[in-house]
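Observations on chain architecture
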Amino acid sequence: SQQGEEDPQALSIQEGENATMNCSYKTSINNLQWYRQNSGRGLVHLILIRSNEREKHSGRLRVTLDTSKKSSSLLITASRAADTASYFCATLGGDSSYKLIFGSGTRLLVRP
Amino acid sequence: DAGVTQSPTHLIKTRGQQVTLRCSPKSGHDTVSWYQQALGQGPQFIFQYYEEEERQRGNFPDRFSGHQFPNYSSELNVNALLLGDSALYLCASSDTGQLRETQYFGPGTRLLVL
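Here's what I pulled together on the structure shown here.

Conventions used here
Chains are numbered independently. Their residues run from 1 in the order of the written sequence. To read the labels, note that chains go from A and ligands from 1, taken in the order they are written. Given that the model is predicted, a residue must reach a pLDDT of at least 70 before its local features are reported, and side-chain atom pairs must reach 80 or more before they are shown or counted; all residues, however, enter totals for whole chains, interfaces and linings. Remark: hydrogens and water are excluded; side-chain values derive from all non-hydrogen atoms of the structure. Two strands make a pair as long as DSSP finds a minimum of two bridges between them. Elements are defined by DSSP. Helices are runs of H or I of four residues or more, strands are runs of E of two residues or more, and each kind is numbered from the N terminus. Two cysteine sulfur atoms form a disulfide, by the criterion used here, when they sit within 2.5 Å. Contacts: residue pairs with any heavy atoms within 4.5 Å of one another. A 1.4 Å probe defines the accessible area here, and the buried area is the portion of it lost by two parts on being joined, summed over both. In protein, a polar contact requires one atom able to donate a hydrogen and another able to accept it; more generally it is a pair of N or O atoms within 3.5 Å, and residues adjacent in sequence count only if both atoms are side-chain atoms. For this scheme, ten residues count as nonpolar: Ala, Val, Leu, Ile, Met, Phe, Trp, Tyr, Cys and Pro. Four count as charged, namely Asp, Glu, Lys and Arg, and the remainder, Gly too, count as polar.

Strand pairing within a sheet occurs via backbone hydrogen bonds; the two strands may be parallel or antiparallel. Residue and element names in this part refer to chain A. Reading across the sheet, the five strands line up as E1-E3-E8-E7-E6 and stay open at both edges, with antiparallel pairing between neighbours. Two strands in the sheet have a free side with no partner beyond their single neighbour: strand E1 (6–7) and strand E6 (55–58). Strand direction decides the pairing type here: strand E7 (residues 61–66) and strand E8 (residues 71–76), joined by six bridges, are antiparallel. What sits directly across from Asp66, in E8, is Ser71.

Our next topic: the state of the cysteines. Residue and element names in this part refer to chain B. Under the criterion given, the structure shown has two disulfides over all chains. Between the sulfur atoms of Cys23 and its disulfide mate Cys91 the distance is 1.7 Å. Sign of the S-S torsion, about -55 degrees for the bond between Cys23 and Cys91, identifies this disulfide as left-handed. With Cys23 in strand E3 (residues 19–24) and Cys91 in strand E9 (residues 87–94), the pair connects residues that are 68 residues apart, well separated along the chain.

Let us look at the interface of chain A and chain B. Taken together, the contacts link 23 residues of chain A with 21 residues of chain B. In total, about 1,700 Å² of surface goes out of reach between chain A and chain B, with carbon and sulfur atoms giving 48% of it. The tally of links between chain A and chain B comes to five residue pairs in polar contact (both at pLDDT 80 or more). Every element with two or more residues in the side of chain A that touches chain B is listed here: strand E4 (29–37), strand E5 (43–50), strand E9 (85–93) and strand E10 (100–102) of chain A. Considering only residue class, the side of chain A that touches chain B consists of eight nonpolar, 12 polar and three charged.

Structure (structure tokens):
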């Protein structure tokens, strides 16, 4: 079963705009990660945020984590057509589990 | 430095058949996990191998089995294929020394069961 839901399920924006995706999860976690997937191919790791962190940056990516609300958001600034992909959040369990539990994903379309 | 590789890239089978998928982990990684991704869904954890043993298993039937070899490569076997087994099968590798925090995914094998 999925860990939680991502919101929105689909997002369409103009190149240069910012894109924000949200993720909710259900159980305690060690960390939360965001992955990108292009056209049903393999997943590319984007960023990892640990449960004791609140915000993290990597290039045009900004991730926030609110453990009290069991939610995270991914912000992509100044989007490009090449950012068009599906984005998934995944949690690594707080129960010494090493399995990633994925959300259902957000499909992002960046229009040139 | 080669990333995670998987073979074959695509596969077509019929119901009742058996299939074997293969994965070579990223150089230096010793742990391999397998995920199933149905169309339009997020990946779901099948199982994880470390030191040639299955360490964790997701909610998948015994028809799904695996193996890890001494060189850390891995196989996923699915017996008695069902139409519902059609999916993208993803292999991910990680490093115990890095607490297996980050998993690096291969390009996947797309399986179609007719």
